[in-house]
Amino acid sequence: MKLLPSEAGARRRLLLMVAALVVIGGLYYMYGGSEKLVIPQTTGPAATSKPQVGRGATNRQANKGPVPPQKLRLEEMEYVPDEPEAGRDPFRFGVHPTPKPTPTPTPVYTPTPVYTPPPPPPPKVPMTLTTVLIGEDGRLRAYLVDKSGHTFEGFEGDTIDGRYKLLRVGKDSVVMTFLDGTGQTVIYRGGGG
């Protein structure tokens, strides 16, 4: 049983340690030194002459000690307005300007048409055709009966019962209207209008 690492693993670890020490030593040589780097603890404006801090240079601030805080001179500060001035906005790159709103036309009110039913048809002529005969002159003569049982006879163009006009007489039918021309009715033999 082996409790110690192998010789190859020990050599590798030793080489890594030496390389790390070389890197740390190089960094210390470049950036380090015998001087201390002192950062001033002031909140006032920066000094006009920049102190030289680095290798081989003396730090004047380190020799003086801590610098007392200076009084704030707010009146000497530049005034910054609350709102930035209009101009270029880098956050709106590539955004198209908003289009002008198009005026919407005012809606035109059109009332819905009201349904009006058609007028009722005129009443039919209340007569019954009983017989059609050929007269001596060759014209057709019609015999009609009303609801009360009165019989009327007439030729084409005659007025029947003072209210109806006989427009045409055929072999099996007649065409009648009211005197004002409404209610044209075809009446067949044996049936009413």
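Owing to the predicted nature of the structure, the values given are computational and were not obtained by experimental measurement. (Residues numbered from 1 in each chain as written. Predicted model: local features only at pLDDT ≥ 70, side-chain atom pairs only at ≥ 80, totals over all residues. Heavy atoms only, no water.)

### A few points about the sheet that holds strand β1 (residues 127-134)
Here is the rule: One requirement defines pairing of two strands: DSSP has to find at least two bridges between them. A run of DSSP states H or I qualifies as a helix once it reaches four residues; a run of E qualifies as a strand once it reaches two. Both are numbered from the N-terminal end. Geometry is summarised by axes, namely lines fitted to C-alpha atoms with helices restricted to the contacting stretch, and by angles between N-to-C directions that run from 0 to 180 degrees.
One open sheet accounts for three strands, arranged β1-β2-β3; its pairing is antiparallel. Each end of this open sheet is capped by a strand with a single partner; those strands are β1 and β3 (151-154). Across the sheet, the mean angle from the axis of one strand to that of its neighbour is 25°, orientation sign disregarded. Note: strand β2 (residues 140-146) against β3, four bridges, orientation antiparallel. Counted as the bridge partner of Y143 is E153 from β3.

### Some remarks on the sheet that holds strand β7 (residues 185-188)
With respect to topology, four strands assemble into an open sheet ordered β4-β5-β6-β7, the strand pairing being antiparallel. Because the sheet does not close on itself, it has two edges, and the strands there are β4 (159-160) and β7. The pairing of β4 with strand β5 (residues 164-169) spans two bridges and is antiparallel. Across the sheet, the residue bridging to T159 is K165, located in β5.

### Notes on the pattern of salt bridges
Put simply, the rule reads: Only one rule defines a salt bridge in this text: a Lys or Arg side-chain nitrogen within 4 Å of an Asp or Glu carboxyl oxygen. Here the term buried applies to any residue with accessible area under 20% of the maximum for its type, exposed to any over 50%, and partly exposed to those in between, with areas from a 1.4 Å probe on protein chains only.
If you walk through the whole model with that rule in mind, you get five salt bridges. With a shortest N-O distance of 3.7 Å, E76 and R73 are connected by a salt bridge. A salt bridge links R163 to D161; its shortest N-O distance comes to 2.8 Å. Using a relative accessible area of 33% as the deciding quantity, one classes D161 as partly exposed.

### Considering the nonpolar core
The criterion, for reference: Note on terminology: a nonpolar core comprises buried Ala, Val, Leu, Ile, Met, Phe, Trp, Tyr and Cys residues joined through side-chain atoms within 4.5 Å.
Residues M127, I160, V174 and M176 are the most contacted members of the largest nonpolar core, which totals 15 residues. Where this core is concerned, the elements lending two or more residues are β1, β2, β5 and β6 (173-178).

### Observations concerning unusual backbone geometry
Note: most residues except glycine have negative phi, and most peptide bonds are trans. Its identity as a non-glycine residue notwithstanding, D161 has a phi of 60°, on the positive side. Assignment of secondary structure puts D161 in the loop between β4 and β5.

### Re the pairing of β7
Regular strands place their side chains on alternate faces of the sheet. Side chains T185 and I187 of β7 all project onto a buried face; the interleaved residues V186 and Y188 project onto a face where none is buried. Where β6 hands over to β7, the hairpin turn is made up of six residues, of which G181 adopts a positive phi near 95°.

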